[in-house]
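Residues per chain are reported as follows:
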Amino acid sequence: MANETGLIVQQSLDALLQDTDFLTHLKGLDREQAFRSLGAILSTPNHIHKSYLRIVMDSGNVVRVPAFRIQHNDTLGPYKGGIRFHETVNEDEVTNLATLMTLKNALHEVPFGGAKGGIIINPRDYSVRELYMICKKYVQYFSDVLGPDKDIPAPDMGSGEREMDWMMAEFKNIHPGEPYRGSFTGKSVVNGGSLGRREATGKGVYFTLRYTLYDFMKHQSQWLAGEKTQVNPFLQTVIGHTDRPLKLAVQGFGNVGSVAALEAYQCKLLQNKVVAVSDRNHTLYNEDGLDIPALVDYTANHGGDLPLSKDQLDAAGIKAELLDREAVLTLDVDVLILAALEDQIHADNAHAVKARIIVEGANAPVTGDADRILGEQGVVIIPDILANAGGVIVSYFEWLQGRETQFYTEDEVFKQLVDKMQHTMESLLPAYFGGVHSLRTHCYNHAVMKLSATLYRLGKLY
Ligand code: NAD
């Protein structure tokens with residue numbers, strides 16, 4: 001996925017350059033020069049911080065763990081983004097993810113910039129004490145560039161609230177007497193974390209689907225009946241569908257996938273049937289619909305994994321067939337929610353995808369080539385920067401609550417989350433349904449426009 005985000009940003013800039021209604025004061029050579037500056041600013045990160053953390057292992061051996069923090073852009077506010085603990089994490093991947101964070105925050109008007117961190121380890125290979133030392137050292141090595149008004153990390157793959165609590169404690173040690181609650185988000189609730197943060201991304205993912213299919217369509221039915229719209233015929237049938245439930249498949253049954261699947265299962269507005277879910281081991285399939293609450297209970301008590309065998313399914317009273325891990329991607333369903341990893345749909349499997357709608361719960365799960373193939377097939381993709389922003393939006397609420405030392409109830413958090421996502425969708429969907437571009441293009445254009453206008457007003461485009 002390296003550089004794919006940069007490419008789409010450049011395409012948005014090329015389109016905006018031709019749009020005479022945008023930055024109307026800028027004309028001729030000045031305009032071209034300003035857009036060249038925008039391309040340079042948005043295609044490269046502001047800072048790449050790298051270090052080798054010196055860790056004393058339980059055995060007494062000293063190892064050096066490669067770690068970095070990439071700060072892409074802070075035009076709209078302090079840098080913000082998770083720290084990934086994974087053995088394959090690398091600079092290109094983290095730069096791309098940091099760029100996506102800049103765009104996601106711009107799209108949803110969250111007053112943060114974009115950043116991402118990486119620590120090249122498999123956390124399963126380290127003891128709790130070793131992981132604690134890695135977290136402390138990460139903060140020690142990068143403490144000058146982190147802070148509530150500079151750069152606010154959060155959990156990502158391989159890290160969670162435990163690591164954020166440790167990191168915030170170390171930040172407080174290093175900066176005595178300074179505000180520290182807003183230095184990390186995704187903390188435990190007892191340490192100033194927000195209620196609802198764990199569910200926020202999955203809930204947001206399902207909300208974007210429901211809003212596109214139901215709320216928007218229902219409220220705009222008169223307008224949609226007009227001549228202007230290019231609405232995918234599948235979507236039009238969905239609003240009036242009474243004959244059969246929507247069939248959904250969900251790749252990944254962790255924090256994001258399990259919550260999105262449960263939201264779909266419990267949704268009262270759309271008739272849904274979640275027929276397949278998958279994890280790192282395999283796919284579970286039941287054409288009559290899976291018992292999602294039972295699977296959520298099962299994973300909570302079995303280290304996060306779905307049942308591994310027919311015996312385990314029977315013992316848990318869950319009816320499902322076991323299919324291979326990749327089967328979830330090409331099943332005959334209406335909606336496919338991707339909530340596992342990057343690069344899952346690519347040029348080699350895109351033609352086999354049968355879903356008419358894909359929702360990107362993970363970051364960049366569809367490659368650029370696959371995006372083009374699916375677009376030609378009329379598949380609607382609700383892109384990552386729109387669909388999976390629930391986590392960073394509630395992180396923003398956590399940061400605000402830490403500053404105000406006033407805490408919201410879970411209902412307040414979810415209401416504000418939905419209001420913010422709905423506001424974004426209201427500003428995108430009419431142009432999307434009335435136009436010819438993909439929803440991804442609309443999202444990127446919207447985000448790049450916001451960043452460009454701000455940079456122009458700040459006098460940075462010379
Ligand atoms: P998680 O670790 O809780 O769950 C990941 C799930 O994916 C697990 O069920 C795991 O078994 C499964 N999985 C791993 N490898 C797989 C494979 N090859 N095929 C199928 N399934 C596989 O992670 P999460 O927090 O749910 O995040 C999922 C994705 O969403 C990640 O890419 C993450 O970066 C992205 N994301 C997460 C958040 C958040 O708030 N958690 C926010 C934005 C984006």
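Computed from a predicted structure; not experimentally measured.

About the criteria used
Residues numbered from 1 in each chain as written. Predicted model: local features only at pLDDT ≥ 70, side-chain atom pairs only at ≥ 80, totals over all residues. Heavy atoms only, no water. Near = heavy atom within 4 Å. Areas by Shrake-Rupley, 256 points an atom, 1.4 Å probe, with all protein chains shown as cover. Helix = DSSP H or I, 4+ residues; strand = E, 2+ residues; numbered from the N terminus. Nonpolar A, V, L, I, M, F, W, Y, C, P; charged D, E, K, R; others polar. Domains from an automatic or database assignment. Polar contact = N/O pair within 3.5 Å; in protein donor to acceptor, adjacent residues only side chain to side chain. Contact = heavy atoms within 4.5 Å. Buried area = accessible area lost by both parts, 1.4 Å probe. Salt bridge = Lys/Arg side-chain N within 4 Å of Asp/Glu carboxyl O. Buried < 20%, exposed > 50% of the residue type's maximum accessible area, 1.4 Å probe, protein only. Pairing = 2+ DSSP bridges.

Caption draft 1: Here's a closer look at the site of the ligand. Residues in contact with the ligand amount to 21 residues; listed here are only the nearest, T201, F253, N255, V256 and R280. The protein chains hide 81% of the 830 Å² of surface that the ligand would expose on its own. Listing elements by their share of the shell around the ligand, those giving two or more residues are helix 6 (197-219) and helix 9 (255-266). Among the residues forming the shell around the ligand, the class breakdown is 7 nonpolar, 8 polar and 6 charged. Two domains each donate at least three residues to the shell around the ligand, and these are domain 1 (47-192) and domain 2 (198-390 + 422-447).

Caption draft 2: Main features of the side chain of S188. With respect to the secondary-structure elements, S188 resides in the loop between helix 5 (161-174) and helix 6. Separated by 2.7 Å, the side chains of S188 and D165 make a polar contact. If we skip the residues at most four places from it in the chain, S188 touches E161, D165 and G193.

Caption draft 3: Structural detail: the domain arrangement of the chain. When cut into domains, the chain gives domain 1 (47-192) and domain 2 (198-390 + 422-447). On a C-alpha basis, the centroid separation for the pair domain 1 and domain 2 is 29 Å. Contact residues are listed per partner, giving 13 residues for domain 1 and 18 residues for domain 2. Summed over both sides, the interface between domain 1 and domain 2 buries roughly 1300 Å², with carbon and sulfur atoms accounting for 62% of that surface. Between the two partners, domain 1 and domain 2, sit 1 salt bridge. A salt bridge links R84 to E342, with the nearest nitrogen and oxygen atoms 2.7 Å apart.

Caption draft 4: Representation of the pattern of salt bridges in the model. All chains considered together, the criterion is met by 19 salt bridges. Note that E91 and K50 form a salt bridge whose closest N and O atoms lie 2.9 Å from each other. Of this pair, E91 sits in helix 3 (residues 91-107) while K50 sits in strand 1 (residues 47-56), placing them 41 residues apart in sequence. The exposure class of E91 is partly exposed, given its relative accessible area of 29%. With a shortest N-O distance of 2.8 Å, R129 and D58 are connected by a salt bridge. Of the two residues, R129 sits in helix 4 (residues 128-142) while D58 sits in the loop between strand 1 and strand 2 (62-73), which places them 71 residues apart along the sequence. With a relative accessible area of 46%, D58 lands in the partly exposed category. Connected through shared salt-bridge partners, R84, E93, K116, D156 and E342 make up one network.

Caption draft 5: Representation of the pairing of strand 2. Where strand 1 lies against strand 2, 10 bridges are found, and the strand directions are antiparallel. Of the residues in strand 2, the one forming a bridge with K50 is F68. Between strand 1 and strand 2, which follow one another and run antiparallel, lie 5 residues, and G60 among them has a positive phi close to 100°.

Caption draft 6: Examining the environment of A431 more closely. Within the secondary structure layout, A431 lies in helix 15 (residues 410-434). Of the residues examined, A431 reaches a relative accessible area of 42% and is grouped as partly exposed. Placed 160 residues apart in sequence, A431 and Q271 show a C-alpha to C-alpha distance of 27 Å.

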